[in-house]
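Listed here are the chains, written in short residue letters.
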Amino acid sequence: MILVCGGAGYIGSHMVHELLRQGLPTAVLDNLQSGHKEAVHPKAVFLEGDVRDESALDQIMAHGVTDVIHFAANSLVGESVEKPLQYYNNNVHGMEVLLKAMVKHGVGRIVFSSTAAVYGEPSRVPIVEDDPAAPTNPYGETKLAMEKMMKWVEGAHGIRYVSLRYFNVAGALADGSLGEDHSPETHLIPLVLKVPLGLREQIGIFGDDYDTPDGTCIRDYVHVSDLAQAHLLALEYLRGGGASSILNLGSAKGFSVKAIIDAAEKVTGQTIKREIKPRRAGDPARLVADSARAKKILGWKPAYENVEEIIATAWNWHRLHPEGWADR
Ligand code: UFG
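Here's what I pulled together on the structure shown here.

## Concerning the packing of helix 4 (residues 84-105) against helix 5 (residues 138-157)
Remark: helix 4 packs on helix 5, axes separated minimally by 9 Å, with the N-to-C direction vectors making an angle of 20 degrees. The angle between helix 4 and helix 5 places the two elements in the roughly parallel class. Regarding helix 4 and helix 5, the two cross each other, and that crossing is right-handed. In this structure, helix 4 contributes Pro84, Tyr87, Tyr88, Asn91, Val92, Met95, Glu96, Leu99 and Val103 to the contact, and helix 5 contributes Pro138, Tyr139, Glu141, Thr142, Ala145, Met146, Met149, Met150, Val153 and His157. Grouping the constituent residues of the contact of helix 4 with helix 5 by class yields 14 nonpolar, three polar and two charged.

## Let's talk about the site of the ligand
In the vicinity of the ligand, 21 residues are found, and the nearest of them are Leu188, Gly204, Arg219, Arg280 and Asp283. Backbone polar atom of Leu188 to an oxygen atom of the ligand: 2.8 Å apart, as the coordinates give it. Between the ligand and Phe206, the relevant distance is 2.9 Å, taken from an oxygen atom to a main-chain nitrogen or oxygen of the residue. If you list the elements that add at least two residues to the shell around the ligand, you get helix 6 (188-194) and strand 8 (203-206). The element that contributes the greatest number of residues to the shell around the ligand is strand 8, accounting for four residues.

## What to know about the pairing of strand 11 (residues 245-249)
Regular strands place their side chains on alternate faces of the sheet. The element strand 11 is largely enclosed, with a buried count of four among its five residues. Here strand 6 (residues 160-166) runs beside strand 11; their pairing, made up of five bridges, is parallel. When the sheet's bridge partners are listed, Ser163 is paired in strand 11 with Ile246.

What counts and how
Numbers given to residues run from 1 along each chain, matching the order in which its sequence is written. A pLDDT threshold of at least 70 governs which residues receive local features in this predicted model, and a stricter bar of 80 or more applies before side-chain atom pairs are shown or counted, although totals over entire chains, interfaces and linings include all residues. Values shown for side chains rest on all heavy atoms present in the structure; no hydrogens or waters enter the calculation. For helices, the axis comes from a line fit to the C-alpha atoms of the stretch in contact; other axes are also lines fit to C-alpha atoms, and the angle between any two N-to-C directions lies between 0 and 180 degrees. Every helix listed is a DSSP run of H or I at least four residues long, and every strand listed is a run of E at least two residues long, numbered separately from the N terminus. For classification purposes, an angle smaller than 35 degrees is called roughly parallel, one larger than 145 roughly antiparallel, one from 65 to 115 roughly perpendicular, and anything else oblique. A clockwise turn of the near helix away from the far one marks a right-handed crossing, whereas an anticlockwise turn of less than a right angle marks a left-handed crossing. Contacts were defined at the residue level, with two residues in contact if any of their heavy atoms lie within 4.5 Å. Under the convention adopted here, Pro, Cys and the residues Ala, Val, Leu, Ile, Met, Phe, Trp and Tyr are nonpolar, Asp, Glu, Lys and Arg are charged, and Gly plus all remaining residues are polar. Any residue with a heavy atom positioned within 4 Å of a molecule or strand is treated as near that molecule or strand. Counting of polar contacts relies on pairs of N or O atoms within 3.5 Å, with two restrictions inside protein: one atom must be capable of donating a hydrogen and the other of accepting it, and residues adjacent in sequence are counted only when both atoms are side-chain atoms. Each residue gets one of three labels from its accessible area relative to the maximum for its type: buried under 20%, exposed over 50%, partly exposed in between, using a 1.4 Å probe on protein chains only. Two strands qualify as a pair provided that DSSP identifies no fewer than 2 bridges between them.

This is how it looks when you write it as structure tokens:
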């Protein structure tokens, strides 16, 4: 049985879908703080509970858990600056309790959801895994601390891990049955798509005076199903005896905020009104991943190489569910 912590969230729910599609028995632990009960696959064993709760972990691990995939964390950069203690408690303490339960129940493998935020303002792009990790916010700092905790726990207790540092995750399941629903929404693509849906007047562009060709920030967008595929490959890699690794997941291609809005206009066939706003605190100008290591070690081959295709899957989901899971 594979335990997915945070399996009711955006990325976690796509992961659970993929695991069950592969016929792998799956259990979900999620406190539903930001996840949605409706997003939990009906074939998964589900426990509403918190990773910081030892008894919830005992209960779910009693189902014969052999591997863990860990998504349960707070993940908003801005919020982390306002509430650092919440981030340390939920993310770092949560990892401590989870690893303790894994030691207790003899679970020896974990695939972990890390982030490009561990790099901070990168010294160069594309970023490789050995580049300096110098987070500029508590979110990145807590994810880095969680990675380090796994390293030391492996030394003491032999739990092997793959830490996947994702860049900008986007898109939805191709059939439109699963997708992104955050409240409040802060991510660029879902916010842009609210304009053609008639749910927003316009999209604000946070700064057009960056040192980039069009002055707006550049990001590397990766499809959520490709990400789920990478986790599955990481699990197989660990099951095959692979050594603990830290891997970037991105597309190696950068798109500016303006380019994303232009692409969304093409996909939706509508004009998307935009307005330049001040810079958002803590945004690096460029984040682009070098994912060669993930491709080499895991044999990862992203299926979505085109940002318009990624946006088209998101558009499909948002059109079918303009109010997210509340529309189901
Ligand atoms: N942006 C806008 N207007 C908006 C929303 C976003 O211009 O209304 C811009 C941001 O300033 C940024 C880009 O669009 O330049 C992408 O912003 P997102 O909020 O979609 O994503 P981030 O790059 O800030 O964050 C992502 C993940 C985080 C992760 C981070 C790594 O969502 O979890 O990458 O830095 F930590």
